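Coordinate analysis (summary)
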Amino acid sequence: MTVDFNGIGPGQVNTKTSSTNTDKAAPKSPATPTEQARTQGSRPDNVSLSSQARDLKKLEERLDSYPEVDDARIEQIKSALADGSYKIDAEKLAQKMLDMDKSIFG
């Protein structure tokens, strides 16, 4: 496996080789992906997921079935705000703000 960092290959980093030596020593590789597949043999691709990955996939599918926004809760809060019955617990709000600040800044 060769890693190419911004176009710099393994033969371009602090090496002194002549192009004639490189051409003779370098093996020819197949030009197209089809030829590469024939060279490597044709074997099927297999993917095996762990049980944790399968559980996460199931959880993701279950979460996708829930709506992103709880419309009923929004309407409940809107009506409580409109009629003045919505009460704010100042201590609970302050504690949540402190918890959020602590999680962000440590």
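Residues numbered from 1 in each chain as written. Predicted model: local features only at pLDDT ≥ 70, side-chain atom pairs only at ≥ 80, totals over all residues. Heavy atoms only, no water.

**A short note on the overall build of the chain**
The number of helices and strands found in the chain is five helices and zero strands. Scanning the chain from its N terminus toward the C terminus, one meets helices and strands in the order α-α-α-α-α. In the chain, which comprises 106 residues, the share counted as buried stands at 2%. For the chain, the exposed area adds up to about 10,800 Å²; of that, 54% sits on carbon and sulfur atoms. (Helix = DSSP H or I, 4+ residues; strand = E, 2+ residues; numbered from the N terminus. Buried < 20%, exposed > 50% of the residue type's maximum accessible area, 1.4 Å probe, protein only. Areas by Shrake-Rupley, 256 points an atom, 1.4 Å probe, with all protein chains shown as cover.)

**Concerning the pattern of salt bridges**
This model, assessed by the stated rule, comprises one salt bridge. A salt bridge links K57 to E60, with the shortest nitrogen-to-oxygen separation between them at 3.7 Å. Of this pair, K57 and E60 both sit in helix α3 (residues 51-64), three residues apart, roughly one helical turn. Looking at K57, the relative accessible area reads 43%, which means it is partly exposed. With relative accessibility at 42%, the residue E60 sits in the partly exposed group. (Salt bridge = Lys/Arg side-chain N within 4 Å of Asp/Glu carboxyl O.)

**Comments concerning a nonpolar patch on the surface**
On the surface, a nonpolar cluster with roughly 540 Å² of combined accessible area is contributed by L81, Y86, I88, L93 and M97. Looking at where Y86 falls in the secondary structure, it is placed in the loop between α4 (71-83) and α5 (90-105). The exposure class of Y86 is partly exposed, given its relative accessible area of 37%. (Patch = residues over 30% accessible without salt bridge, like charges linked within 9 Å, V, L, I, M, F, W, Y side chains within 5 Å.)

**Some thoughts on the confidence of the model for the chain**
Overall, the predicted model of the chain reaches an average pLDDT of 78, with 60% of residues at or above 70. Of all the helices and strands in the chain, helix α1 (residues 19-25) carries the lowest mean pLDDT, 52, while α5 carries the highest, 95. (pLDDT = per-residue confidence, 0-100.)

**Some details on α4**
Counted at 1.5 Å a residue, the expected span for α4 with its 13 residues is 18 Å, and the 18 Å between its end C-alpha atoms agrees. Two residues or fewer past α4, G84 is found with a positive phi of approximately 80°. (Expected span 1.5 Å × (residues − 1).)

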